[in-house]
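# Overview (structure and organization)
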Amino acid sequence: MSYTSQSCDQATSLWLANDLPREILSHLKLSGCPDTAINSSFKLGSAAQTSIGLSGLAAAYILSLRTGNMQDVSVDARHAILDISSESWYTIDGQMPTASMRDHLAAIYRTKDDSFVRLHTNFPHHRQGILNILQCDPTREAVQAALLQWNAQDLEDEAVEQKMCVTAYRSFEEWDKHPQATALRGTPPVQLIKIGEAPKRVIKESPQFPLEGIRVLDLCRVLSGPVCGRTLAAYGADVLLITSPKLPDLPVFDIDTSRGKRTTQLDLTQVTQNDCLKELVKDADVFLQAYRPSGLQEKGFGPQELAKVRPGIVCANLTAYGWEGPWKHRRGFDSLVQTATGFNWAEAEAFAKFNGQPVMDKPEPRALPVQALDHVAGYFLAFGIQAAIAKTITEGGSWEVRVSLAAVAQWLRSLGQLPPDIAFRDGKPLPKRMIPQDPEVAALSVTLHEATGDKGDVQGHLRTMTAIRHAAQLSVTPVKDVEAPMRLDRHQPVWLPRV
């Protein structure tokens, strides 16, 4: 059996589940050993290779619809792992970012009932909200002392009430009994839903890139949605990233995930700027959003409203926990979903077995080595969006694409776990973050220059960036890696002329 057989089987299953032509699958070439591409008991190599491969294959399929010519798409398993940890490997002017990727309070802590909770405090308002609940100083020691006065479930409930981001630690068995797990059961990692009628898309023939001429509004923040938008830009789309000047950002992540995009800012609470976005929607092909569930719908940008304004649009939506169940409106991030749904528990048990240690009734949590749920969800979003674009070409209509971190987690779990010896003895650890860069990272990196933008306010030195190049390699039309904005307000809120 080929090492990549599970990746191929999964790619085949998801491709056909979305009613895409079987003959295209022969052009997907997967290489390397996904089971040993990373040191985890979960099949992260297969998940990365499958999701990235589907994204690239969908781009190649769109190009074949436009030109009549199909090309091969190749994905190496180890390259895919470095791709789904891309924020760890980029440099600016030869240096790695000095700022931490995560707030120092964001971690797992023990609770009064001899359990654990995970706190997400990377955004300042989330951090302060947690401190307000705990009534303690902003140190790990003080937070841990305060949490020993709380039971895990009680803190999770209070945090949700206060709209903060905390989750209690659960095993797979505990998660399976939860009403949200019941609501998710059977949900695929990618859903395509036709939401309106529209004529077949008129397409330009002989484009240079698969998505050339496709306009994407990217209203996303860390990390899945931005990865999706970055992927669509690499395949040639005009991706306009719109953030709010009133919301906090995470520049360490944003610099990496905004590669290839144009960046602008709009405050949608202001009537004129809300109207500006509505004008942009009229000429958009894709509306990609990953804000809290129903957040943009409350401002007039729900899928049904968008389909009325722009028939033929593809509306792509990412949530943490899905569209059904008691947690459908709950805020969440990769690390929280891992802890809530049993992954940290199962990974800890597997690691204990590898080390010959007794498996505890409640082992100390062990996180996955990469934010796989975030990145894989981002690539599944890109796959779903391009599958929907293909449907607008072949049959017309307006479409909604749905991806949730919890459904991706459910799919990853369905792949099974590796034996501990394969996972932690044969599984390859990530390279070291260092300057000069690890040779493996350097060999897979590409150089990009800082975009000047169109505001005419560039002063001084324009920086140079190195970053992991896209793991999906298209045989005829290489991905478009040219510039990186490196700022969230580099461009005017206007579309580029269609070529």
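Reading the values: rules and limits
Residues numbered from 1 in each chain as written. Predicted model: local features only at pLDDT ≥ 70, side-chain atom pairs only at ≥ 80, totals over all residues. Heavy atoms only, no water. UniProt positions renumbered as here; feature names shortened; annotations may be inferred. Helix = DSSP H or I, 4+ residues; strand = E, 2+ residues; numbered from the N terminus. Buried < 20%, exposed > 50% of the residue type's maximum accessible area, 1.4 Å probe, protein only. Contact = heavy atoms within 4.5 Å. 1 Å grid on protein atoms, 1.4 Å probe; cavity = no way out; pocket = protein on both sides within 12 Å on 5 of 7 lines; lining within 4 Å. Points joined across faces, edges and corners; volume = space filled by probe spheres on them. Pairing = 2+ DSSP bridges. Axes fitted to C-alpha atoms, helices over the stretch in contact; angles between N-to-C directions. Arc of directions from axis to C-beta. Phe/Tyr/Trp six-rings, centres within 6.5 Å; stacked < 30°, edge-to-face > 60°.

As recorded in an unreviewed UniProt entry, the protein chain goes by CoA-transferase family III and comes from Suillus placidus. Under the UniProt heading Sequence similarities (unreviewed entry), the entry covering the protein chain gives this text: "Belongs to the CoA-transferase III family."

### Concerning the environment of P485
Within the fold, P485 resides in the segment after β17 (483–484). The exposure class assigned to P485 is buried, which follows from its relative accessible area of 0%. Residues P485 and N344, spaced 141 residues apart in sequence, show a C-alpha to C-alpha distance of 35 Å. Residues within four places of P485 in sequence aside, it is in contact with S258, R259, G260, K261, T263, E450, A451, R490 and H491.

### Focus: empty space enclosed by the protein
A complete count under the given rule lists one cavity of 30 Å³ or more for this structure. Computed from the structure, the largest cavity encloses a volume of approximately 40 Å³. Taken together, R230, A233, A234, R259, G260, L448, H470, K480, D481 and E483 form the lining of the largest cavity. Among the elements that make up the lining of the largest cavity, the one with the highest residue count is helix α9 (residues 224–234) (three residues).

### As for unusual backbone geometry
A cis amide bond, omega -5°, links I435 with the succeeding residue P436. Along the polypeptide, P436 turns up in the loop between α17 (420–426) and α18 (439–443). Of note, the phi angle at D19 is positive, near 60°, even though the residue is not glycine. The backbone of M486 shows a phi angle near 60°, a positive value even though the residue is not glycine. Structurally, the position occupied by M486 is in the segment after β17.

### Quick word on the sheet that holds strand β6 (residues 166–168)
With antiparallel pairing, three strands are arranged side by side in an open sheet as β4-β5-β6. Each edge of the open sheet carries a strand with a single partner, namely β4 (107–110) and β6. Direction aside, neighbouring strands of the sheet carry axes that sit 25° apart on average. Of the strand pairs in this sheet, strand β5 (residues 116–119) and β6 are connected by three bridges, and their pairing is antiparallel. Pairing of V117 across the sheet is with A168, part of β6. Set on the sheet, helix α6 (residues 152–161) makes contact with β5 and β6; between it and β6 the angle comes to about 150°. Each of β4, β5 and β6 touches helix α13 (residues 334–341); the most contacted strand, β6, lies at about 20° to it.

### Focus: the side chain of H126
Here H126 is to be found in helix α4 (residues 124–134). For H126, a relative accessible area of 5% translates into the label buried. Among residues more than four places away in sequence, those in contact with H126 are H120, T121, K163, M164, C165 and F333.

### Here's the deal with helix α5 (residues 140–147)
Burial in α5 covers these residues: A142, V143, A146 and L147. Projected down its long axis, α5 carries its buried residues within an arc of 135°, all on one side. On its buried side, α5 packs onto β4, β5, α4 and α6.

### Thoughts on the sheet that holds strand β8 (residues 215–219)
Hydrogen bonds between backbone groups are what pair the strands of a sheet, and the pairing can be parallel or antiparallel. Spatially, the seven strands line up as an open sheet ordered β7-β13-β12-β11-β8-β9-β10, and their pairing is mixed. The open sheet has two edge strands, β7 (191–196) and β10 (262–265), and neither has a second partner. The mean inter-strand angle of the sheet, taken between neighbouring strand axes irrespective of direction, is 20°. Inspection of the sheet shows strand β12 (residues 314–319) paired to strand β13 (residues 398–404) by six bridges, in the parallel sense. Within β13, the residue paired with C315 across the bridge is E400. Running at roughly 65° to β13, helix α16 (residues 405–414) makes contact with β12 and β13 of the sheet.

### Here we look at the packing of aromatic side chains
Geometrically, a pair of aromatic rings is defined through the distance of the ring centres and the angle of the planes. Under the criterion given, the structure shown has 15 aromatic pairs. Ring centres of F123 and F333 lie 6.3 Å apart, and the angle between their planes is 50°; this geometry places the pair in the tilted category. In this pair, F123 sits in the loop between β5 and α4 while F333 sits in the loop between β12 and α13, placing the two residues 210 residues apart along the sequence. Accessibility expressed as a relative area gives 4% for F123, which makes it buried. Since its relative accessible area comes to 15%, F333 is described here as buried. Ring geometry for W175 against W327: centres 5.6 Å apart, planes inclined by 50°, an arrangement best described as tilted.

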